[in-house]
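Close look at the chain arrangement
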Amino acid sequence: EPEVTQTPSHQVTQMGQEVILRCVPISNHLYFYWYRQILGQKVEFLVSFYNNEISEKSEIFDDQFSVERPDGSNFTLKIRSTKLEDSAMYFCASRAGERQETQYFGPGTRLLVL
Amino acid sequence: GNSVTQMEGPVTLSEEAFLTINCTYTATGYPSLFWYVQYPGEGLQLLLKATKADDKGSNKGFEATYRKETTSFHLEKGSVQVSDSAVYFCARITFNDYKLSFGAGTTVTVRA
């Protein structure tokens, strides 16, 4: 069964460093998402992406964040200069098409900023 | 606004007990509703969903019915197992934005 994959599973970085979280959505899906879950808190929407551009972003997704689909398979989230409060589990999700509302999630990347 | 409120945990049960996790939503329009489950150390998995009023989603012995009149989507299972220990998230999506809004999550622990 096709699934969303994410790498790395864990990443530790120093405050101020750049990190890139990688996702491979389900093949032939068209809509892509990033969410995050700070430890012990709810899962929060960050950004949605379709047709090579951002569809919507939350107030969390400030200028330090960017997303990219550099090729036909990868979908990346970049944090330009990490802060302590960026420590969280980051989930990628994909959705097949306009009328398919179910989002399929990857296993997540646990980011720890020291 | 558009939000999801679910029962606070943690919930601890004995095996074969009945489980209910309450979930209510607010939304403009008629959202699709979901339950996602997060097993220890894993990501989010879709457990079940319902897309319109009176729909019942079911999977792995879990059920939830979309109740428009009470704006609720409570999750139930008649006889839980130790393997059901996980965090359960209620979520909604609306067709004008397609992003998921999650409840706070309910941690369920089932003891043998």
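The rules behind these values
- Residues numbered from 1 in each chain as written.
- Chains lettered and ligands numbered in written order.
- Predicted model: local features only at pLDDT ≥ 70, side-chain atom pairs only at ≥ 80, totals over all residues.
- Heavy atoms only, no water.
- Helix = DSSP H or I, 4+ residues; strand = E, 2+ residues; numbered from the N terminus.
- Rg over C-alpha atoms; globule rule 2.2 N^0.38 Å.
- Buried < 20%, exposed > 50% of the residue type's maximum accessible area, 1.4 Å probe, protein only.
- Contact = heavy atoms within 4.5 Å.
- Areas by Shrake-Rupley, 256 points an atom, 1.4 Å probe, with all protein chains shown as cover.
- Lys, Arg positive; Asp, Glu negative; His and termini not counted.
- Charge placed at Lys NZ, Arg CZ, Asp CG, Glu CD.
- Disulfide = S-S within 2.5 Å.
- Pairing = 2+ DSSP bridges.
- Axes fitted to C-alpha atoms, helices over the stretch in contact; angles between N-to-C directions.

For chain B, the count of helices and strands is zero helices and twelve strands. Overall, chain B shows an N-to-C arrangement of helices and strands of β-β-β-β-β-β-β-β-β-β-β-β. The globule rule puts the C-alpha radius of gyration for 112 residues at 13 Å, and the 13 Å found for chain B is close to it. Expressed as a percentage of its 112 residues, the buried residues of chain B come to 48%. Within chain B, residue pairs in contact and separated by at least 24 positions form 55% of the contacts whose partners lie at least 6 positions apart. Just so you have it, chain B exposes about 5,200 Å², and 48% of that area is on carbon and sulfur atoms. In chain B, 10 positive and 11 negative side-chain charges are present, and the distance between their average locations comes to 6 Å.

This part covers the state of the cysteines. Throughout the structure, instances matching the rule amount to two disulfides over all chains. The disulfide bridge from Cys23 of chain A ends at Cys92 of chain A, spanning 1.9 Å between sulfur atoms. On the sign convention where negative is left-handed, the bridge of Cys23 of chain A and Cys92 of chain A, at about -65° about the S-S bond, is left-handed. Of this pair, Cys23 of chain A sits in strand 3 (residues 19–24) while Cys92 of chain A sits in strand 9 (residues 88–95), and the two are 69 residues apart along the sequence. Across this residue pair, the class does not change: Cys23 of chain A and Cys92 of chain A are buried. The disulfide partner of Cys23 of chain B is Cys90 of chain B, and the S-S distance across this bridge is 1.9 Å. Looking along the S-S bond of the Cys23 of chain B-Cys90 of chain B disulfide, the torsion reads about -70°, which is the left-handed sense. Placement of Cys23 of chain B in strand 4 (residues 23–26) and of Cys90 of chain B in strand 10 (residues 86–93) is noted, with a sequence separation of 67 residues between them. For the pair Cys23 of chain B and Cys90 of chain B, one class covers both residues: buried.

On to the sheet that holds strand 9 (residues 75–77) of chain B. All names here are of chain B. The strand order across the open sheet formed by four strands is 3-9-8-7, and the pairing between neighbours is antiparallel. At either end of the open sheet lies a strand with only one pairing partner, and these are strand 3 (19–21) and strand 7 (56–59). Neighbour-to-neighbour, the strand axes of the sheet open up by a mean angle of 15°, direction not taken into account. Across three bridges, strand 3 lies against strand 9 in antiparallel orientation. Across the sheet, Leu19 pairs through a bridge with Lys77, a residue of strand 9.

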